[in-house]
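# Understanding the architecture of this molecule
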Amino acid sequence: MHAIQQQYWAVRDYLSPVLKESKFKEHGRITPEEFVAAGDFLAYKFPVWSWEKGDASKARDYLPADKQYLVTRGVPCLRRATALAYTDADEDAERLLSFGDLSATGNEADEWVETHAGRAASTLDSAANAGNIDEIPDVDESSADDVADQVGRMHIQGGVGSLGEIPDMDEIPDMEEEGLEAGDDEATAAPKAAAPSSGVIEASEVEVAKGNLLQVRTYDVMITYDKYYQTPRIWLIGYDENRTPLMPAQIFQDVSADHAFKTVTIEAFPHSTSLQAASVHPCKHASVMKKVIERMNQGVLEEQRKAFGAGAVSPSTGKDKQKKWLFRRTSGPGKDAPALPAGEDDVEGMRVDFYLVVFLKFIASIVPTIEVDSTTAF
Amino acid sequence: MPIVQFTPFSSLVQPAFWHALTDLKIDVLRLSDEAIPVHGSYSAGRSVKDRESGAEIALGCNLSVGGESFSKEDKAPAHSVSATGVFKNYNTIEEFKAADKTALFAQVSDEIWKSITVDRSTAQLSRFLLITFADLKKYKYYYWFAFPAFAAKPAWEIQGDWKGASDEFSDTFLSAIESAQLASPRAFFLVRPKAGSDEPELAPVEEYDTFFANVNPVERTIAFLDPSAAPGNPGWPLRNLLTYLAALHPATSHRVLCWRDAERPAGAPFKSRFGVVSQGAGTGEAASTEKPAAVGWEKNVQGKLGPRVADLAPMMDPTRLADQAV
């Protein structure tokens, strides 16, 4: 059934026309050209992202051959999202983050709200707990009640036994070779060495007090362009702390509960002949992006008009401070001088270059513990 | 003086590598178990700040292989350097178990030694060995990496301790190295200050004699792209680099720069480390002719010398995939 569905998606993708007209402000969708522009900006601003060619036989002709999709590897994920149930009480813990690398805009107003600040992960987060997924609801039942219902019914089982998917390492007995290397090598750093004085802890030995065990997973994150939904689409391949690929159930631990059961699934990665990866389904991306962009655009239009009226950028107060950094520099440093509004033409609102930066912030809400949003991580 | 302890390489196998191996096994290798070339890559060690505890957490010292590892063109991903290796796939688990690992390991370390003493090249210093058995029907892959490194006798010692690179070099000096490394990352390189200014000059390690000809020993610095992020432990590649230097350019001590700044945001402090290493007493005799003993088999998840297994059934088996599909 799933295979047929994937075939259907492939055909639908093939038949759907390439979006030509720029409409990202009206409905949150972007054209392939805008995807490339936004990707270029992202890769320029945050060099952890780079373009990939992918499998040549799967190349999309509406994208440049060497810019088929974006990838960043080894994105750290320190905790499980299942440990981050967000409550009203946590709202007090929000704090403003400043962007060190963007502070060249000249003031300390470059801030973004960080939620979950200073929270300790709850004890739900334990090594053996993989969210055991009972039942996957139909996609159309997307009402809020249903979400609550699902979360209510979701039960997290303890014990490795309930997983049944952990590879059985004992299947290769007698492979241990003691005689391979004579004795301990004194110049090899022992993986369990005592925590060094300078405060950097090795990932394998992180153990925080009160049983709050950190399991540092890493993710390879890819962003492709989805022709049917005309939005970017995000793909995840995860590794555990021993660099073993994660099972789907383990990946769902890193997805917030609202999304794990409906929007995140394992699909064939479009730029490879055989690879499967977890993906956030893009059917709602456009509408969410539209809302986010609308809100931001409002702020930036005001900002630009004000700046135009004042003739210079004056330090402003209040909420729009947080957003300003996104729009002030309409082109990256080094390309042009910071584009100060010089005439009515420049009152254009948010530029499409920022689409992927905003998109990543939105994705970060779906996978809260994976640090995809490198704008705050670095 | 404390002995220098190196962070060993950890293998990171992207699922795409197993897919590539499956195709290669079915279409090209078939029943052949000949050794074929493979290449992987590593990048500067990274650490991430835990937002809850505020601690810096060092991520692994990884050498990764991916979908393009079998391809002819050997191009490392952005900000990474490539390492070549030997790949050998066995047809049965019995053959995999019975493989003469000591001989395979000796062969690879011989090749590294030859590249040092005969070719005087640094290109093969991070050469590795990978043996696999692919159980294609069950989507299970047994594999074992070895990263041969020569054990120095006597061991290398660090004078004082490893310290931040900023303590030794000025920020403008380091920034210049950073932009050179960002433009085209090098695995190993030499650094000297440009005469009468605060600008660095870089050169490949192969040009040691000419590049350092008239340079004061206290201004000669040997640098390498360091995949380790642990502050007191340089990464595995330094081991063979020091062997290379001991064999070809013996000196009482070497100033070593562990380059770790690949993704530094503007204004953030440098994470690179600096230290002066020297070999303990008793250096000299038969230094450059005999091949030293080498170590470097990767330990498995249990921390023992043994193979690892990647079970990709949940991500490749069509029936398992259908189970979780919406």
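Each residue is numbered by its place in its chain's sequence as written, counting from 1. Labels follow written order: the first chain is A, the first ligand is 1, and so on. For a predicted model such as this one, the threshold for reporting local features is a pLDDT of at least 70, and the threshold for listing and counting side-chain atom pairs is 80 or more; totals across whole chains, interfaces and linings nevertheless cover every residue. Excluded from the side-chain calculation are hydrogens and water; included are all heavy atoms of the structure.

### Regarding the overall build of chain B
Looking only at helices and strands, chain B features 8 helices and 16 strands. Accessible surface, chain B: about 13,000 Å² in total, of which carbon and sulfur atoms supply 52%. Only DSSP runs of H or I with at least four residues qualify as helices, and only runs of E with at least two residues qualify as strands; both kinds are numbered from the N terminus onward. The Shrake-Rupley method, run with a 1.4 Å probe, gives the accessible areas here. Residue values count only the displayed protein chains as cover.

### What to know about the nonpolar core
One finds F17(B), W18(B), Y42(B), F70(B), F87(B), I116(B) and L241(B) to be the most contacted residues of the largest nonpolar core, which totals 99 residues. When residues of this core are sorted by domain, at least three fall in each of domain 1 (10-152 + 293-324) and domain 2 (156-279) of chain B. Buried Ala, Val, Leu, Ile, Met, Phe, Trp, Tyr and Cys residues form a nonpolar core when they are joined through side-chain atoms within 4.5 Å. Here's how the labels work: a residue is buried when its accessible area is under 20% of the maximum for its type, exposed when over 50%, partly exposed in between, all with a 1.4 Å probe on protein chains only. Counting 54 residues, the second largest nonpolar core, distinct from the first, contains I234(A), V264(A), V372(A) and M315(B). Domain borders in the structure are assigned automatically or taken from a domain database.

### Things to note about helix α3 (residues 32-45) of chain A
Residue and element names in this part refer to chain A. Compared with an ideal rise of 1.5 Å per residue, which puts 14 residues at 20 Å, α3 spans 20 Å between its outermost C-alpha atoms and is within 8% of the ideal. Burial analysis of α3 places 10 of its 14 residues in the buried class, which makes it a mostly covered element. Of the positions making up α3, those classed as buried are P32, E34, F35, V36, A38, G39, F41, L42, A43 and K45. In this analysis, two residues are considered to be in contact whenever any of their non-hydrogen atoms come within 4.5 Å of each other. The secondary structure elements touched by the buried residues of α3 are α2 (24-27), β1 (50-52), β2 (69-77), β8 (217-226), β9 (231-239) and α9 (355-366). What a helix should span is 1.5 Å times the count of its residues minus one.

### A look at the side chain of H79(B)
Positionally, H79(B) belongs in the loop between β5 (62-65) and β6 (80-90). For this analysis, a polar contact is any N or O atom pair within 3.5 Å, provided that within protein one partner can donate a hydrogen and the other can accept it, and provided that sequence-adjacent residues contribute only side-chain to side-chain pairs. Of the polar contacts made by the side chain of H79(B), one reaches the backbone oxygen of P47(A); its length is 3.3 Å. Among all residues touching H79(B), those that are not within four sequence positions of it are P47(A), S43(B), A44(B), L182(B), P185(B) and A262(B).

### Description of helix α1 (residues 15-29) of chain B
Regarding α1(B), the residues found buried are P15(B), F17(B), W18(B), H19(B), A20(B), L21(B), T22(B), L24(B), K25(B) and L29(B). One or two residues past the end of α1(B) sits R30(B), with phi positive at roughly 50°.

### Some points on the pattern of salt bridges
All names here are of chain B. One side-chain nitrogen of Lys or Arg within 4 Å of one carboxyl oxygen of Asp or Glu is enough to make a salt bridge. Scanning the model with the defined rule gives 15 salt bridges over all chains in all. Here E168 ties to R255 by a salt bridge, and the two come within 3.0 Å at their closest N and O atoms. Of the two residues, E168 sits in the loop between β9 (156-164) and α4 (171-183) while R255 sits in strand β13 (residues 253-259), which places them 87 residues apart along the sequence. Residue class for E168 comes out partly exposed when judged on its relative accessible area of 30%. For R255, a relative accessible area of 13% corresponds to the buried category. As a salt-bridge pair, R192 and E201 come within 3.0 Å of each other at their nearest N and O atoms. Relative accessible area serves as the criterion here: at 21%, R192 is assigned to the partly exposed category.

### Considerations on the confidence of the model for chain B
Residue-level confidence of the predictor, termed pLDDT, takes values from 0 up to 100. On average, residues of chain B score 88 in pLDDT, and 96% of them reach the 70 mark or higher. Within chain B, no element has a lower average pLDDT than helix α8 (residues 318-324) of chain B, which sits at 71, and none a higher one than strand β12 (residues 221-225) of chain B, at 95.

### Focus: the sheet that holds strand β11 (residues 276-280) of chain A
Residues and elements named next belong to chain A. Two strands are counted as paired when DSSP detects at least two bridges linking them. Here 6 strands make up an open sheet; going across it, the order is β1-β2-β8-β9-β11-β10 and the pairing antiparallel. Edge strands, defined here as strands with exactly one partner in the open sheet, are β1 and β10 (264-268). Between one strand and the next, the sheet's axes are offset by a mean angle of 40°, whatever the strand orientation. Two elements, β9 and β11, share 2 bridges in a ladder whose sense is antiparallel. From the neighbouring strand, W235 faces β11, where its bridge partner is S279. Simply put, an axis is a line fit to the C-alpha atoms, just over the touching stretch for a helix, and the angle between two N-to-C directions goes from 0 to 180 degrees.

### Re the packing of aromatic side chains
All names here are of chain B. Centres within 6.5 Å are what make two rings of Phe, Tyr or Trp a pair, Trp counting through its six-membered ring; a difference in plane orientation under 30 degrees is then read as stacked, over 60 as edge-to-face, and the rest as tilted. For the structure on display, the rule yields 30 aromatic pairs over all chains. Arranged with centres 5.1 Å apart and planes meeting at 80°, the rings of Y208 and F212 form a pair that is edge-to-face. Here Y208 matches F212 in class, with each residue buried. Ring pairs connect the aromatic residues F9, F17, W18, Y42, F70, F87, F128, Y141, Y143, F145 and F147, which therefore count as one cluster.

### Some words on the environment of S272(B)
All names here are of chain B. Inspection of the secondary structure puts S272 in the loop between β13 and β14 (273-279). With a relative accessible area of 0%, S272 lands in the buried category. Considered as a pair, S272 and L257 are 15 residues apart in the sequence and their alpha carbons are 7.2 Å apart. Sequence-distant contacts of S272, that is, excluding residues within four places in its chain, are made with K163, G164, A165, L257, C258, W259, R260 and D261. Looking at S272, its side chain comes within polar contact range of the main-chain nitrogen of R260, at 3.0 Å.

### Some words on the sheet that holds β13(B)
Residue and element names in this part refer to chain B. Ordered in space as β9-β14-β13-β12-β10-β11, the 6 strands form an open sheet in which the pairing is mixed. What marks the edges here is a single partner per strand, and that holds for β9 and β11 (200-203). Going across the sheet, the axis of each strand differs from the next one's by a mean of 30°, ignoring polarity. Here 6 bridges tie β13 to β14, and the two strands are oriented antiparallel to one another. Note on β14: the bridge partner recorded for R255 is V276. Running at roughly 145° to β12, helix α6 (residues 237-248) makes contact with β9, β10 (188-193), β12, β13 and β14 of the sheet.

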